[in-house]
Amino acid sequence: MQTAEPEPVQPGPLIVLSGPSGVGKSTLVERLVATSPWPLRRAITATTRPPRPGEIPGKSYHFWTREEFERAIRNQHLLEWARVFDTDYYGTPRDEVEPYRAKGYGVILVIDVQGAARIRELVPDALHIFLMPPNWETLEQRLRQRGDLSEERLQRRLQTAQTELAAAPHFDVVVINDNLDSALQQVQQAIAPRFAALKSRNTNP
Ligand SMILES: Nc1nc2c(ncn2[C@@H]2O[C@H](COP(=O)(O)OP(=O)(O)O)[C@@H](O)[C@H]2O)c(=O)[nH]1
Ligand SMILES: Nc1ncnc2c1ncn2[C@@H]1O[C@H](COP(=O)(O)OP(=O)(O)O)[C@@H](O)[C@H]1O
């Protein structure tokens, strides 16, 4: 008896989350993944910046030397990469995205607005979410309270924040992170249709 070929699994949704340093991206995504009813994973991206206290290599980031990063660029191992805050390199390894999407996982990229622009070119159906602070004072206060940056690095992030905030209109969804629970719920609501569509495609071929 001819057995039907299994239907190919539709790739899981690609979601980009950007926003100024200190707005709450990492905090929100940790909660989003931990409470997600869907198969959802944050891509562990690579950077040449040094680890901050409490950051775990291979979990927070892949912490690479400049040489390792440049080799990854040469070998086309990065889906996108950017120089952020004029100092450090950040990039998304392809093997943090493609194998998971191929299994129907949603993958979330927490990347800067330059990376988001590149993903818009490469993956037109990605969902782009911008996380906005309630106001400038709160952004600066959260960054200072987080307390893990030198004054120089903090000032560099605040300068870059102006450029990032100006990019918000290019995003599909803008969520204000005032109350974290409310922001999390808005992000979940933005993502849900991508999984609903996937589910119907994967269960009703
Ligand atoms: N383009 C790009 N940006 C990234 C990547 N990984 C992290 N970023 C961004 O780099 C910026 C700096 O991240 P980080 O050094 O962790 O500082 P933080 O935003 O203050 O927590 C943030 O906007 C991140 O979203 C990546 O792989 N590619
Ligand atoms: N809604 C919120 N209200 C108050 N503090 C928040 C909120 N969201 C995040 N924070 C705090 O703000 C700081 C920056 O959050 P973080 O997730 O590191 O931001 P990002 O990853 O965007 O740089 C952290 O100390 C975090 O606990």
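Residues numbered from 1 in each chain as written. Chains lettered and ligands numbered in written order. Predicted model: local features only at pLDDT ≥ 70, side-chain atom pairs only at ≥ 80, totals over all residues. Heavy atoms only, no water.

The name given to the chain in an unreviewed UniProt entry is Guanylate kinase, with Thermogemmata fonticola as the source organism. What the UniProt record of the chain gives under Function (unreviewed entry) is the line "Essential for recycling GMP and indirectly, cGMP." (UniProt positions renumbered as here; feature names shortened; annotations may be inferred.)

Draft legend 1. Summary view of the overall build of the chain. A count of helical and extended segments in the chain gives 7 helices and 9 strands. Taking 17 Å as the expected radius of gyration for a compact globule of 205 residues, we find that the chain reaches 18 Å, a close match to that expectation. The dimensions of the chain, computed from C-alpha atoms along their principal axes, are 70 × 40 × 30 Å. In the chain, which comprises 205 residues, the proportion classed as buried is 45%. Expressed as a percentage of contacts within the chain between residues at least 6 apart in sequence, the contacts between residues at least 24 apart total 68%. (Helix = DSSP H or I, 4+ residues; strand = E, 2+ residues; numbered from the N terminus. Rg over C-alpha atoms; globule rule 2.2 N^0.38 Å. Buried < 20%, exposed > 50% of the residue type's maximum accessible area, 1.4 Å probe, protein only. Contact = heavy atoms within 4.5 Å.)

Draft legend 2. Structural view of the environment of K25. Note on placement: K25 falls in helix α1 (residues 25-34). A relative accessible area of 15% means that K25 is categorised as buried. Sequence separation between K25 and V9 is 16 residues; the distance between their C-alpha atoms is 29 Å. Not counting the four nearest positions on each side in its chain, K25 is found in contact with L17, S18, G19, P20, V110 and L131. Here the side chain of K25 touches P20 through a polar contact of 3.3 Å, landing on its backbone oxygen. (Polar contact = N/O pair within 3.5 Å; in protein donor to acceptor, adjacent residues only side chain to side chain.)

Draft legend 3. Up close: the pattern of salt bridges. Taken as a whole, this structure holds 15 salt bridges when the rule is applied. Here R52 makes a salt bridge to E55, at a shortest N to O gap of 4.0 Å. For the pair formed by R52 and E55, the shared burial category is buried. Its salt-bridge partner being R71, residue E67 comes within 3.6 Å of it at the nearest N-O pair. You can see E67 and its partner R71 sitting in helix α2 (residues 66-74), 4 residues apart, about one turn around the helix. Owing to a relative accessible area of 37%, E67 belongs among the partly exposed residues under this scheme. (Salt bridge = Lys/Arg side-chain N within 4 Å of Asp/Glu carboxyl O.)

Draft legend 4. Main features of the sheet that holds strand β7 (residues 106-110). Across the sheet, 5 strands lie side by side as β2-β7-β1-β8-β9; this open sheet has parallel pairing. Strands with a single pairing partner mark the edges of an open sheet, and in this sheet they are β2 (40-42) and β9 (173-176). Pairwise comparison of adjacent strand axes, ignoring direction, gives a mean angle of 25° for this sheet. Bridge count between strand β1 (residues 14-18) and strand β8 (residues 127-132): 4 bridges; the pairing is parallel. Counted as the bridge partner of S18 is F130 from β8. (Pairing = 2+ DSSP bridges. Axes fitted to C-alpha atoms, helices over the stretch in contact; angles between N-to-C directions.)

Draft legend 5. Inspection of the UniProt feature "domain: Guanylate kinase-like" (unreviewed entry) in the chain at higher detail. When the UniProt feature table is mapped to this numbering, "domain: Guanylate kinase-like" (unreviewed entry) covers residues 12-192. Annotated as 41% helix and 22% strand, the span residues 12-192 places its first and last C-alpha atoms 12 Å apart.

Draft legend 6. Structural context of the UniProt feature "binding site: ATP" (unreviewed entry) in the chain. Per the UniProt entry, the sites bearing "binding site: ATP" (unreviewed entry) are G19, P20, S21, G22, V23, G24, K25 and S26 in this numbering. With respect to the helices, strands and loops of the structure, P20 is situated in the loop between β1 and α1. Excluding residues that lie within four positions of it along the chain, P20 makes contacts with K25, F130, L131, P133, L139, A161, E164 and L165. With relative accessibility at 15%, the residue G24 sits in the buried group. Filtering out sequence-adjacent residues up to four positions away, G24 remains in contact with L131 and N177.

Draft legend 7. Spotlight on the nonpolar core. Core analysis: the largest hydrophobic core is formed by 22 residues, its most contacted members being I15, L32, I108, I129, V187 and I191. Of all the elements in the fold, those that place two or more residues in this core are β1, α1, β7, β8 and α7 (180-203). The dominant element in this core, judged by the number of residues it contributes, is α7, at 7 residues. Listed in part, the 18 residues of the second largest apolar core include L79, V123, A126 and F130. (Core = buried A, V, L, I, M, F, W, Y, C linked by side-chain atoms within 4.5 Å.)

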